[in-house]
Amino acid sequence: MPAKKTTPDFILIIAMLSLLSIGLIMVYSASAIWATYKFDDTFFFAKRQLLFAGVGIVAMFVIMNIDYWNWRKWAKPIIIICFILLLAVLIPGVGTVRNGSRSWIGVGAFSIQPSEFMKLAMIVFLSKFLSERQKYITSFKNGLVPSLSLVFIAFALIMLQPDLGTGTVMVGTCIVMIFIAGARISHFAGLAMIGVIGFIALVVSAPYRMKRITSFLDPWEDPLGSGFQIIQSLYAIGPGGLFGLGLGQSRQKFFYLPEPQTDFIFAILSEELGFIGGSLVILLFALLLWRGIRIALGAPDLFGTFLAVGIIVMIAIQVMINIGVVTGLMPVTGITLPFLSYGGSSLTLMLMAVGVLLNISRYSNY
């Protein structure tokens, strides 16, 4: 391996810490009313998010100092553990049901979401697979099918919870990685047709998914039901204007927008900080993604390149879907906004992923 740089990518660290800081402030602002009502503690969600951020930052700095190629030899054990957790979460009494999804495993007063960690585990495993078998990737039988088979097995287990949002991010990330590895477009075209049919089947099989699609097209058809979240989100964004109503001055967090500290935190941010605040967050994400792309292009080997690409694509997909949902451009999917939304598993996973990216930057020639 080439000589390690003395420092990781400083700009990437600044962008990530800026987003994390904004997220901690907005989690408190968005959740204070709900936390007081439900737990009689204004800082309930903010304190937990600060704890998650602390754990995640420690994990990030530890991982940043682990040479990234070590993850190649641990790829199989890691993904096996994640598969075991995905199976365990489906067992009654082990998995915890929230909002109709059995996606969490309780650990004391806290809980973890195995599907979140499967996203990173799949990126690591697929990076190893693609770097070792790239010459076969143009073959449908020997390249594309083996690389996608494990992805769709994991997707099937995640859908049993069900968690379409997380599964979509994982599959989308892996498909981009395989495409960049050199898979033929003609093969993807055939799989795309199968994927569309499968997606339609998933939507039709669950009435609530169909309602989400129809509410996305016309939320006012059911303003108190499936269209409620989108309408309330737009009611938050609209009055924000250019400069916003002011930090802490949101109206929609007063029980209009359900649990605004999670998937719809960008709506509250836009209401309080306006177009300027929302644009700043998007620019910080763009800066983070730009640095990640540079790291990927300068990585000294294929494993590092695929690993960096996978992490950046995962973040990019989540950002696009979350902001698309919040602004009414996409159906509601239940995807968190990286570094900003409340959630221990999601925040910890993202910070760990950035740790891997930072280690690659210590070897990347850019």
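I will try to describe carefully the structure that is included in this document. (Residues numbered from 1 in each chain as written. Predicted model: local features only at pLDDT ≥ 70, side-chain atom pairs only at ≥ 80, totals over all residues. Heavy atoms only, no water.)

1. Thoughts on the packing of helix α4 (residues 75-88) against helix α6 (residues 140-159)
Then, in step 1: Axis separation between α4 and α6 bottoms out at 9 Å; the angle between their running directions is 25°. Here α6 runs roughly parallel to α4, going by the angle between their axes. In terms of crossing hand, the pair formed by α4 and α6 is left-handed. Between α4 and α6, the residues in contact are I79, F83, L86 and L87 and L150, I153, A154, L157 and I158, respectively.
Then, in step 2: For the contact of α4 with α6, the residue count by class is nine nonpolar, no polar and no charged. (Axes fitted to C-alpha atoms, helices over the stretch in contact; angles between N-to-C directions. Helix = DSSP H or I, 4+ residues; strand = E, 2+ residues; numbered from the N terminus. Parallel < 35°, antiparallel > 145°, perpendicular 65-115°, else oblique. Left-handed = near helix turned anticlockwise from the far one by under 90°. Contact = heavy atoms within 4.5 Å. Nonpolar A, V, L, I, M, F, W, Y, C, P; charged D, E, K, R; others polar.)

2. Considerations on the environment of T173
Then, in step 1: Mapped onto the secondary structure, T173 falls in helix α7 (residues 164-180).
Then, in step 2: In the structure, T173 is positioned 142 residues away from I315 in sequence and 9.1 Å away in space, judged by C-alpha atoms.
Then, in step 3: Leave out the neighbours within four places in its chain, and T173 touches I123, G310, V313, M314 and I317.
Then, in step 4: There is a polar contact of 2.8 Å between the side chain of T173 and the backbone oxygen of V169. (Polar contact = N/O pair within 3.5 Å; in protein donor to acceptor, adjacent residues only side chain to side chain.)

3. So, the state of the cysteines
Then, in step 1: With the rule as written, the count across this model stands at zero disulfides.
Then, in step 2: For C82, which is in no disulfide, the shortest distance to another cysteine sulfur is to C174 and amounts to 12 Å. (Disulfide = S-S within 2.5 Å.)

4. Quick word on the nonpolar core
Then, in step 1: Counting 104 residues, the largest nonpolar core has M118, L130, M170, I178, L288, F339 and L340 as the members making the most contacts within it.
Then, in step 2: When residues in this core are grouped by element, the largest group, 17 residues, is from helix α12 (residues 302-326).
Then, in step 3: What F339 contacts, discounting residues up to four positions off in sequence, is M16, L19, L20, G23, F285, L288, L347, M350, L351 and V354. (Core = buried A, V, L, I, M, F, W, Y, C linked by side-chain atoms within 4.5 Å. Buried < 20%, exposed > 50% of the residue type's maximum accessible area, 1.4 Å probe, protein only.)

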